[in-house]
Amino acid sequence: KKGALVVPFQYAYGGSFSEGLAPVQRDGKWGYIDGDGAESIPFQFDDARGFSEMFAAVKVGDRWSFIDREGLFATDQRFESAYDFSEGYAAVQVDRRFGYLDKSLSMAIAPRFDRATSFHDGLASVSEIPSSGTSVSVWQFIDASGKRALAIEFKDYFGPIFSEGLLAARMYPGWGYYDKTGAEAIKNESAF
């Protein structure tokens, strides 16, 4: 916090510290260091994310999986992409569709979405491209059981999470703010 150098300049890239470890890259491979700069998990991954809820998503070849804090693979499953755990769930992509793993690394919500975000305040935003042939995604919110949680859909949105009980979203032609019941809290105005 005083600006003193703690970890020498020796890595090509580095991520933020989370749960005491940070992903860093050297010679094209990623590993993890602790707060003292000691290498805790060997450089063996093609990409790596920070730890969240005791797991980190790592990439080997073209597939993602999860490791524990010892650097051991926590599951044999491999995914097209994988995101951080949040509120006990992590979005993963299987056969070009997103679903969610729970903390036991079991598929809790089957892969059926085109896009998915992390859970916050018990909700995650997911999208599906309508079958009408348009390329505009339709976003909605689901709960931890995978069921639709709000009665409205968004054609576009700004941020996947609620902040202070509100979500900024575009409901063409403009933007507005909506509460967790899906009611418009601040009037939808023209685009800004």
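Residues numbered from 1 in each chain as written. Predicted model: local features only at pLDDT ≥ 70, side-chain atom pairs only at ≥ 80, totals over all residues. Heavy atoms only, no water.

Moving on, we come to the environment of Asp-121. Within the secondary structure layout, Asp-121 lies in the loop between strand S12 (115–116) and strand S13 (124–128). Remark: the alpha-carbon pair of Asp-121 and Ser-86, spanning 35 residues in sequence, is separated by 9.8 Å. Filtering out sequence-adjacent residues up to four positions away, Asp-121 remains in contact with Glu-87, Phe-162 and Lys-180. (Helix = DSSP H or I, 4+ residues; strand = E, 2+ residues; numbered from the N terminus. Contact = heavy atoms within 4.5 Å.)

Ordered in space as S1-S2-S3-S4, the four strands form an open sheet in which the pairing is antiparallel. The open sheet is flanked by strand S1 (13–14) and strand S4 (39–45), the only strands paired with a single partner. As defined by bridge partners, S1 adjoins strand S2 (residues 21–26) across two bridges and the pair is classed as antiparallel. Its bridge partner lying in S2, Gly-14 is registered against Val-24. (Pairing = 2+ DSSP bridges.)

For the rest of this paragraph, the subject is the pairing of strand S3 (residues 29–34). Relative to S3, S2 runs antiparallel, the two sharing six bridges. Following the sheet pairing, Ala-22 is matched in S3 by Ile-33. Linking two consecutive strands that pair antiparallel, namely S2 and S3, is a turn of two residues; a positive phi of about 55° is found at Asp-27 within it. Of the strand pairs in this sheet, S3 and S4 are connected by three bridges, and their pairing is antiparallel. By the bridge assignment for S4, Tyr-32 is matched with Ile-41. Count of turn residues in the S3/S4 antiparallel hairpin: four residues, of which Gly-37 carries a positive phi of about 90°.

For the rest of this paragraph, the subject is the side chain of Thr-75. For Thr-75, the position within the fold is in the loop between strand S7 (63–67) and strand S8 (81–82). Relative accessible area serves as the criterion here: at 8%, Thr-75 is assigned to the buried category. Thr-75 has contacts with Ser-65, Phe-66 and Leu-105, leaving out every residue within four places of it along the chain. (Buried < 20%, exposed > 50% of the residue type's maximum accessible area, 1.4 Å probe, protein only.)

Attention shifts here to the environment of Gly-146. Note on placement: Gly-146 falls in the loop between strand S14 (138–142) and strand S15 (156–157). C-alpha of Gly-146 to C-alpha of Ala-110: the two residues are 36 residues apart in sequence and 8.2 Å apart in space. Here Gly-146 is in contact with Ile-109 and Arg-112, once residues within four sequence places are set aside.

Attention shifts here to the sheet that holds S13. The three strands lie next to each other as S12-S13-S14, forming an open sheet whose pairing is antiparallel. Each having just a single partner strand, S12 and S14 make up the two edges of the open sheet. Pairing analysis gives two bridges linking S12 to S13, with the strands arranged antiparallel. Each bridged residue has a counterpart across the sheet, and for Ala-116 the counterpart in S13 is Val-126.

This part covers the pairing of strand S9 (residues 89–94). Burial runs high along S9: five of the six residues are buried. Bridging between S8 and S9 involves two bridges; their strand directions are antiparallel. Each residue of the ladder has a partner; that of Ser-81, found in S9, is Gln-93. Hairpin remark: S8 followed by S9, antiparallel, with six residues in the connecting loop; positive phi at Glu-87, about 55°. In the sheet, S9 pairs with strand S10 (residues 97–102) via six bridges, with the strands oriented antiparallel. Directly across from Tyr-89, in S10, lies its bridge partner Asp-102. Between S9 and S10, which pair antiparallel one after the other, the connecting turn spans two residues, and Asp-95 there sits at a positive phi close to 50°.

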